[in-house]
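Understanding the architecture of this molecule
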Amino acid sequence: MRPCPYCGHEVLKSERYCPNCGRIRKAPISLDKYSLGMIENFKQCFVYKYADFEGRASRSEYWNFFLVYQLLFVAILFTCAFLSYISPLSSVVGVGFGLVILVLMSVVMVIPSVAVAVRRLHDQGRSGGLVFIGLVPVIGTIILLVLMANTGGRNTNRKGEPKGEMLRKSKEKKRKK
């Protein structure tokens, strides 16, 4: 049993919610969680960290999420184009249906996309508010993509310990010393 970080009530390790206060008990994520595959990483960001703007995100976490999101977008686009090509109905129906699905997917993906971008900026020791620079046409998007491609900090910063490969390297250095 472990104490709940919010109310101090004893909670079984297998329970996700505290029976006393009802809050989610955040179990520490092991290093292995950050060497996930693309789909598992996307699921981690979309399901478990949907609106989590705290902490840090490794480069691979951000780019795997971004890549799967783009692949889903393109897959839906091509599926709707194919269906409108083979459909006996008007192609307008297929294109209209595809656009509705793409708009809905984009609306649902706004929060996790911004959340993983904020966590990525936190990994570099920057403020999460820099994500709004992406709203500036062309230049802002380029600047934001460059920021997302930069390496994260090797040391613990105000947002926590480094994630992924950086954490692994720093732990190996400590062991050697």
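1. Some thoughts on the overall build of the protein
Assigned secondary structure in the protein consists of 5 helices and 2 strands. When the 177 residues of the protein are sorted by exposure, 29% land in the buried category. Within the protein, contacts between residues separated by at least 24 positions form 58% of all contacts whose residues are at least 6 apart in sequence.

2. Side note on helix α2 (residues 59-86)
Between its first and last C-alpha, α2 extends 40 Å over 28 residues, near the 40 Å set by a 1.5 Å rise per residue. Turning to α2, its buried residues are E61, Y62, N64, F65, V68, Y69, I76, C80 and S84.

3. Observations concerning the confidence of the model for the protein
Close inspection of predicted coordinates is inappropriate for parts of the model with low pLDDT. Residues of the protein with pLDDT of at least 70 account for 73%, and the chain-wide mean is 78. Per-element confidence in the protein ranges from a low mean pLDDT of 56 for helix α5 (residues 165-176) to a high of 90 for helix α4 (residues 139-149).

4. Description of the packing of aromatic side chains
Remark: the centre distance and the inter-plane angle together describe each pair of aromatic rings, the angle taken between the planes. Under the counting rule described, the total for this entry stands at 6 aromatic pairs. Here F42 and F65 contribute two aromatic rings whose centre-to-centre distance is 5.2 Å and whose plane-to-plane angle is 20°, an arrangement assigned as stacked. With F42 in helix α1 (residues 38-48) and F65 in helix α2, the pair connects residues that are 23 residues apart, well separated along the chain. Judged by centre distance (6.1 Å) and plane angle (15°), the rings of Y62 and F66 are stacked. One end of the pair is Y62 and the other is F66, both in helix α2 and 4 residues apart, which spans about a single turn. Joined through ring pairs, the aromatic side chains of F42, F46, Y50 and F65 make up one cluster.

5. Describing the packing of α2 against α4
Look at α2 against α4: their axes get within 9 Å of each other, and the N-to-C directions meet at 130°. By the angle between their axes, α2 is oblique relative to α4. Where α2 approaches α4, its residues R59, Y62 and W63 are matched on the opposing element by L145, M148 and A149.

6. With respect to a nonpolar patch on the surface
Side chains of V136, V138, I139, I142, I143 and V146 sit close together on the surface and give an oily, nonpolar patch of about 530 Å² of accessible area. With relative accessibility at 48%, the residue V146 sits in the partly exposed group.

7. Considerations on the pattern of salt bridges
Throughout the structure, instances matching the rule amount to 4 salt bridges. With its nearest N and O atoms 3.1 Å apart, the salt bridge here joins E61 to R119. Of this pair, E61 sits in helix α2 while R119 is found in helix α3 (residues 91-123), placing the two residues 58 residues apart along the sequence. The pair E61 / R119 is uniform in exposure class, with both members buried. In this structure, R120 and D123 form a salt bridge, with 2.7 Å as the shortest nitrogen-oxygen distance. Taken together, the residues R120 and D123, both in helix α3 and 3 residues apart, mark about one turn of the helix. For the pair R120 and D123, a shared accessibility class is recorded, and that class is buried. Taken together, the shared-partner salt bridges in this structure form one network comprising K49, E61 and R119.

What counts and how
- Residues numbered from 1 in each chain as written.
- Predicted model: local features only at pLDDT ≥ 70, side-chain atom pairs only at ≥ 80, totals over all residues.
- Heavy atoms only, no water.
- Helix = DSSP H or I, 4+ residues; strand = E, 2+ residues; numbered from the N terminus.
- Buried < 20%, exposed > 50% of the residue type's maximum accessible area, 1.4 Å probe, protein only.
- Contact = heavy atoms within 4.5 Å.
- Expected span 1.5 Å × (residues − 1).
- pLDDT = per-residue confidence, 0-100.
- Phe/Tyr/Trp six-rings, centres within 6.5 Å; stacked < 30°, edge-to-face > 60°.
- Axes fitted to C-alpha atoms, helices over the stretch in contact; angles between N-to-C directions.
- Parallel < 35°, antiparallel > 145°, perpendicular 65-115°, else oblique.
- Patch = residues over 30% accessible without salt bridge, like charges linked within 9 Å, V, L, I, M, F, W, Y side chains within 5 Å.
- Areas by Shrake-Rupley, 256 points an atom, 1.4 Å probe, with all protein chains shown as cover.
- Salt bridge = Lys/Arg side-chain N within 4 Å of Asp/Glu carboxyl O.

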